[in-house]
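Listed below, chain by chain, are the residues.
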There are 4 protein chains.
Amino acid sequence: MFEIRTDLAVEEKESYPGNGGEIAGVSLREWRKASSSIKLTEVVIQDAAGAKAMGKPEGTYITMEARKLGYQDEDYHKEVAQELACQLKRMVRDLKKTHALPASGPLHVLAVGLGNSSVTPDALGPSVLGNLRVNRNLRTARGLAEEEEETVLSGIIPGVLAQTGMETAEIVSGILHETSPDLIVAVDALAARSIRRLGTTIQLTNTGIQPGSGVGNHRHSLTYRSLGIPVLAIGVPTVVGAAAIVHDTISSMIGTLWSHMETKGMGDYLDQLEPDDQYQLICELLEPEFGSLYVTPPDIDQTVKRLSFTISEGIHGAFFGEPEEKEGTGA
Amino acid sequence: MFEIRTDLAVEEKESYPGNGGEIAGVSLREWRKASSSIKLTEVVIQDAAGAKAMGKPEGTYITMEARKLGYQDEDYHKEVAQELACQLKRMVRDLKKTHALPASGPLHVLAVGLGNSSVTPDALGPSVLGNLRVNRNLRTARGLAEEEEETVLSGIIPGVLAQTGMETAEIVSGILHETSPDLIVAVDALAARSIRRLGTTIQLTNTGIQPGSGVGNHRHSLTYRSLGIPVLAIGVPTVVGAAAIVHDTISSMIGTLWSHMETKGMGDYLDQLEPDDQYQLICELLEPEFGSLYVTPPDIDQTVKRLSFTISEGIHGAFFGEPEEKEGTGA
Amino acid sequence: MFEIRTDLAVEEKESYPGNGGEIAGVSLREWRKASSSIKLTEVVIQDAAGAKAMGKPEGTYITMEARKLGYQDEDYHKEVAQELACQLKRMVRDLKKTHALPASGPLHVLAVGLGNSSVTPDALGPSVLGNLRVNRNLRTARGLAEEEEETVLSGIIPGVLAQTGMETAEIVSGILHETSPDLIVAVDALAARSIRRLGTTIQLTNTGIQPGSGVGNHRHSLTYRSLGIPVLAIGVPTVVGAAAIVHDTISSMIGTLWSHMETKGMGDYLDQLEPDDQYQLICELLEPEFGSLYVTPPDIDQTVKRLSFTISEGIHGAFFGEPEEKEGTGA
Amino acid sequence: MFEIRTDLAVEEKESYPGNGGEIAGVSLREWRKASSSIKLTEVVIQDAAGAKAMGKPEGTYITMEARKLGYQDEDYHKEVAQELACQLKRMVRDLKKTHALPASGPLHVLAVGLGNSSVTPDALGPSVLGNLRVNRNLRTARGLAEEEEETVLSGIIPGVLAQTGMETAEIVSGILHETSPDLIVAVDALAARSIRRLGTTIQLTNTGIQPGSGVGNHRHSLTYRSLGIPVLAIGVPTVVGAAAIVHDTISSMIGTLWSHMETKGMGDYLDQLEPDDQYQLICELLEPEFGSLYVTPPDIDQTVKRLSFTISEGIHGAFFGEPEEKEGTGA
């Protein structure tokens, strides 16, 4: 069976009946910086019930939405990079509070660029890594001064299963075993449900990478549970699953047909069809290959190039940036 | 309004009622080499009536289909490259017969790699050009021996409108003006209607490149009429328009609903809906952005890499290969 | 015979006896912005005598030197980009004064990214073009408003002779013929004499591109004389010719040997050897292949990436930037 | 102090006085296949004395030399690929005999593509990996049938220290820890002494990768000793160290000067200078930056593309190819 999925918690939340209605175990908060056109949304999945309802693990999902991210505007990208840095720092601070990270001393961060650098909409992770300024080599060379607070950054582009024959999780586990970082920051291209999200939304989460997520459909997880260190994940939707588009259009079509018919007194039949038969009907019509096909816009190369710069600047800002005086949390 | 299109003449032909039925002004011939699993189809659009019915210009469209092109098999790709060389030579011979090309003397061929090298499914043309062994520079250096029959090959990757600000046709025209080739061989990634065509079909045509064709949606034509020299075009479908997929699925769904309802005596309503209202309904449901979105499989990078090698070998075979003793035409 | 050359006028000037001594027909001016660590040098070759002495055509050569260009420092690169924009604007203004460019109306600029994108130290031009925001396509689409002063920008990556079989000059000429720009801005990777220049110097000249210049060794010129429109050229040295390095080291060695020997009364012999025999001796020792070999540092990929961003921002600043209030000329 | 080095054992051997003279602990064997223009050389460093003399570890170094590798000739590259496969199989057989590899059962091979994919002459390893057909993912999916003899292949492009902040040896060690391969096949671009070796020689060795070897100058080793499994290394020289070229030219110059002078009775002085002062003099003249600079030809992109195909076919031939009936060893 094909899969209709979104990697964005905010879309999963929206898809609930009543759009914005309460889900037990899931909290939602939206805010906007006074000076900014960036809309922030924080979805917190608080317990197992919430996780089950959302089909995503417990944790915090922060979404930065900005229609203008679709354009070339250096100042605007700088603003988004600063907001990303600010939210990353907040997550790191929370991890220190819960002792998932050491409270003091230099932090060793391993950045992981997930995805396939040869496939444009899956190249976001490798592209961000190409912009990062790692410094672990320099630090090792001159010795780690334990009292320093400076972050130690290393990075890896693990490739994809079809290129390496190895799960990304295997490669990352091996590197953890050898280099013992404190924290992983994983960057990945995501699949969304809605076309308008493509290249205009950044999601940051403390739940890591789940099986089945991302454009490349990771089979294994990169999470605190699986790796033993916290994993922050940054993602941008660059594709919509082909099945999602067909499904949505057909759903909306059935709705339209239905109301047409109701006005003509034929709604009875389609009531019977709804909702399980309807789903059944749609699935029969979709070819099995649909599961792996994706939909992407023709200017995706420019989107990936621009956003990979914004995200790498956000990571630099979070770990090598100024002191934290102006971090707002929207509170 | 979005566009539901295919760049393959063979798919346009198939879409006619009765699938394989006669169209005035269009001839169809299918054959298979005895020793081979390559299926060849030749669609000839013979006159204006055929051109109007097919929505494509008059000329010859040869399709090589081979499911195994989807796999890594060096010998098989060699067989396809030889068949492509053979068909290219046949088209060149026909152009000589009709005096569109000089009957003797060295032929100067300009290869044009259309598409965007930064967008994986649109990178076929640039990728083929990267494999070609041009020799015009060597020929110029040692002087053209007019009696030689050897082909002179030059090549250009003109980029796409959004990168250059110039129409591909402007760039190619300019190069013609300066270098006076006899023949253009253009290579482009195509849009198909059917997912199963992706990466498994090669189309060769003597009609050149049409406005609106290709993954990159060329706005101007590259044709004998527009450029003054013959243009052979080689293409492989690497995407399906998102609108095409949705349209096809919905069409099939309406068919299904219809028969459901007919059995229940409700067909009357949907009869009214058919066919113009139906089309109207579908169009309303599709977002306007759909026109430019495309659907492509996740392993498209491997497909483009493999086929660009097959096609460049086919071009080498046609112009630098062995004498023509074993060219079959299927006749 | 191998070629010992530099594409930098400032190095040619320095190589004269007395380093900084007067050359008839060549003027030199050096300055430094008060607030900045960028050193500017302007060499003007004023007449045929100067051109012969320098082995470069008459015109203005501005050099921006900044050791820190070798480092990743966003603010610093912004400063250099602004200086480059300022000098580009000055050259455009001068071209308007001499009526080589129309005094008013929108200016149509064609950017040309010279070099081979597959060879890292030769990829500067293509890399800059990849960052440029062309707009000719948008302008054409909405019609040119003649009274507007906005620049119309188009761009081309013509490839190199071995890839296309065509001289870059042929391709550019053809494009001029079709699109009629007013001005060419060509970007190219250069060969320097001194290793310390690699990646730390930007040269801007109004003399265009000369035969034999650049990493790729262009065979034909792109100049006002050859093309009929002004050509501004921006270049950064990314390689040193292998022959240059060997020659310099040996020259210095002969000097050392000489003084050793003079102190021992053996200078007579080496005096005889000097200077023509000396040169002869060096040439005999260098293998003929040396002419085409180049020397480049291992981190050249980072240098090209950084500087291509600086230069593209400089071009944007010159043609789409703020009004010209703060342009200093060093006067 | 700069480093004058070669990664080719055959060049190290040649550099000995009397060129081809005996070195204790080092054996040399040369042969040529009857039907072929490939020259094979096997240098075996047999003991600690040989290792010290050669500056390379004990083991077998096989060199395949073929001037025609510099050209585009598909059949010829196929011949070299077959010879490489043959020699790889021989080394695997020897490893089985000495129980460094299990004598039966499926072999799990990890291919490692060393070097920097963004720097053309260092991109050989990543380029070969891009051509390899890994199958470990397929094998894992359908379960390993223990009795099968088929090779299990996985592959990694670990990146370079400046990109990852991690030593390649750390990344590879981590992957070994997770995936437990039996054998590593590492591919790397090498530095040679002689320009004519560039792109025309393939070295295969069972000694792994040494600190300081390769274009990228690995700091840590990948060897049986350091990793616990055998490491076969395949390399092609793509650069010559700039220091090597200068050193060689000056050495030859001093020789020339000397004989000039001896004929004139001035040899006495230069006798004093020889050999230690001479070396001292040369080193003083070379700038310290020279150590990291390299010399490479302008068509290195084509060389790397061609040879990466030849080598990947050689690896496929060794591990997935026909049974071993026609392997000759030159004996």
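Residues numbered from 1 in each chain as written. Chains lettered and ligands numbered in written order. Predicted model: local features only at pLDDT ≥ 70, side-chain atom pairs only at ≥ 80, totals over all residues. Heavy atoms only, no water.

Colleague: How would you explain the side chain of A:Thr63 if you had to name every residue and give the values?
Modeller: Residue and element names in this part refer to chain A. On the secondary structure map, Thr63 appears in strand S3 (residues 59-65). On the basis of relative accessibility, which here comes to 0%, the residue Thr63 falls in the buried class. Non-local contacts of Thr63, meaning those with residues more than four positions away in its chain, are made with Val10, Lys39, Leu40, Thr41, Thr201, Ile202 and Gln203. (Helix = DSSP H or I, 4+ residues; strand = E, 2+ residues; numbered from the N terminus. Buried < 20%, exposed > 50% of the residue type's maximum accessible area, 1.4 Å probe, protein only. Contact = heavy atoms within 4.5 Å.)

Colleague: Tell me about unusual backbone geometry, and name the residues and values.
Modeller: The backbone phi angle of B:Ser180 is positive, close to 50°, even though this residue is not glycine. Tracing the backbone shows B:Ser180 in the loop between helix H7 (168-179) and strand S6 (183-192).

Colleague: Describe the domain arrangement of chain A, with residues and values.
Modeller: Residue and element names in this part refer to chain A. Taken domain by domain, chain A comprises domain 1 (9-241 + 295-320) and domain 2 (244-290). Taken residue by residue, the interface counts five residues in domain 1 and four residues in domain 2. Summed over both partners, the interface of domain 1 with domain 2 comes to about 380 Å²; 57% of that surface belongs to carbon and sulfur atoms. Viewed at the interface, domain 2 and domain 1 are joined by zero salt bridges. (Domains from an automatic or database assignment. Buried area = accessible area lost by both parts, 1.4 Å probe. Salt bridge = Lys/Arg side-chain N within 4 Å of Asp/Glu carboxyl O.)

Colleague: Give a detailed account of the interface of chain A and chain C, specifying residues and quantitative values.
Modeller: Tallying the contact residues gives eight residues for chain A and eight residues for chain C. Counting the surface lost from both chain A and chain C, the interface buries some 770 Å², and carbon and sulfur atoms represent 32% of this. Here chain A is connected to chain C by zero salt bridges. Between chain A and chain C we count four residue pairs in polar contact (both at pLDDT 80 or more) in total. Among the elements of the structure, helix H3 (74-97), helix H4 (124-131) and helix H12 (300-320) of chain A are those that each provide at least two residues to the side of chain A that touches chain C. Residues of the side of chain A that touches chain C, tallied by class, amount to no nonpolar, three polar and five charged. (Polar contact = N/O pair within 3.5 Å; in protein donor to acceptor, adjacent residues only side chain to side chain. Nonpolar A, V, L, I, M, F, W, Y, C, P; charged D, E, K, R; others polar.)

Colleague: Please give an account of the packing of H7(B) against helix H7 (residues 168-179) of chain C that cites residues and values.
Modeller: For the pair H7(B) and H7(C), the least separation of the axes is 7 Å and the interaxial angle reads 120°. Relative to H7(C), the element H7(B) lies oblique. In this structure, H7(B) meets H7(C) at a crossing whose hand is right-handed. Only C:Glu170, C:Ile171, C:Ser173, C:Gly174, C:Ile175, C:His177, C:Glu178 and C:Thr179 of H7(C) make contact with H7(B), whose side of the interface consists of B:Glu170, B:Ile171, B:Ser173, B:Gly174, B:Ile175, B:His177, B:Glu178 and B:Thr179. Residues belonging to the contact of H7(B) with H7(C) are distributed by class as follows: four nonpolar, eight polar and four charged. (Axes fitted to C-alpha atoms, helices over the stretch in contact; angles between N-to-C directions. Parallel < 35°, antiparallel > 145°, perpendicular 65-115°, else oblique. Left-handed = near helix turned anticlockwise from the far one by under 90°.)

Colleague: I'd love a proper account of the pattern of salt bridges, names of residues and values included.
Modeller: Side chains carrying opposite charge are able to pair once their charged atoms draw close together. In total, this model carries 38 salt bridges over all chains according to the counting rule given. Put simply, B:Glu42 and B:Arg29 hold a salt bridge, and the shortest N to O gap is 3.4 Å. With a gap of 13 residues between them, B:Glu42 in strand S2 (residues 39-45) and B:Arg29 in strand S1 (residues 26-32) connect regions that are remote in the sequence. D:Arg219 is the partner of D:Glu167 in a salt bridge, and the nearest nitrogen-oxygen pair spans 2.6 Å. Within this pair, whereas D:Glu167 is found in the loop between helix H6 (161-164) and helix H7 (168-179), its partner D:Arg219 is found in the loop between strand S7 (201-205) and helix H8 (224-227), the two being separated by 52 residues in sequence. A single salt-bridge network, built from bridges that share partners, covers A:Glu11, A:Glu14, A:Glu30, A:Lys39, A:Glu65, A:Arg196 and A:Arg197.

Colleague: Give me the packing of helix H3 (residues 74-97) of chain D against helix H12 (residues 300-320) of chain D: which residues, what numbers.
Modeller: Two quantities define a packed helix pair, namely the angle between the helix axes and the distance between the axes. Residue and element names in this part refer to chain D. Between H3 and H12, the least distance of the axes is 7 Å, while the angle of their chain directions is 45°. Classed by the angle they form, the pair H3 and H12 counts as oblique. Once H3 is placed against H12, the crossing between them reads as right-handed. Facing H3, whose interface residues are His77, Val80, Ala81, Leu84, Ala85, Leu88, Lys89 and Val92, H12 presents Arg306, Leu307, Thr310, Ile311, Glu313, Gly314, Ile315, Gly317, Ala318 and Phe319. Among the residues making up the contact of H3 with H12, the classes are represented as eleven nonpolar, four polar and three charged.

Colleague: I'd like a description of the environment of A:Ser292, backed by residues and values.
Modeller: Within the fold, A:Ser292 resides in the loop between helix H11 (276-285) and strand S9 (294-296). Between the C-alpha atoms of A:Ser292 and A:Leu40, which are 252 residues apart in sequence, the distance is 31 Å.

Colleague: Describe the pairing of strand S2 (residues 39-45) of chain A, and please don't skip the residues or the numbers.
Modeller: Residue and element names in this part refer to chain A. Of all seven residues making up S2, six are buried, and the element is well covered by its neighbours. Judged from the seven bridges that link them, strand S1 (residues 26-32) and S2 form a sheet pairing that is antiparallel. Counted as the bridge partner of Ser27 is Val44 from S2. Bridge count for S2 against S3 is seven bridges, and the pairing is antiparallel. In the strand pairing of S3, Lys39 is matched with Glu65. (Pairing = 2+ DSSP bridges.)

Colleague: Give me the lowdown on the relation of the copies chain A and chain C, citing residues and values where you can.
Modeller: Between chain A and chain C, the superposition needs a rotation of 180° and an axial shift of 0.0 Å, giving an RMSD of 0.0 Å. Within this description, the copies of the chain are treated as partners about a two-fold rotation axis. (Least-squares fit on C-alpha atoms with pLDDT ≥ 70 in both.)

Colleague: Hey, could you go over the packing of aromatic side chains for me, with residue numbers and the actual values?
Modeller: Using the criterion set out here, one finds two aromatic pairs over all chains in the structure. Here the basic side chain of A:Arg29 rests over the ring of A:Trp31, its NZ or CZ set 4.2 Å away from the ring centre. (Phe/Tyr/Trp six-rings, centres within 6.5 Å; stacked < 30°, edge-to-face > 60°. Lys NZ or Arg CZ within 6 Å of the ring centre and 35° of its normal.)

Colleague: Describe H4(A), listing the residues and the values that go with them.
Modeller: The buried fraction of H4(A) is high, at six of eight residues. Buried residues of H4(A): A:Leu124, A:Gly125, A:Pro126, A:Val128, A:Leu129 and A:Asn131, and no others.

Colleague: Help me get a handle on H3(D), residues and values and all.
Modeller: Side chains three or four residues apart in an α-helix point the same way, a direct result of the helix having 3.6 residues per turn. For H3(D), built from 24 residues, the straight-helix expectation of 34 Å at 1.5 Å per residue is met to within 8% by its first-to-last C-alpha distance of 35 Å. Just past H3(D), the residue D:His99 takes up positive phi, approximately 60°. (Expected span 1.5 Å × (residues − 1).)

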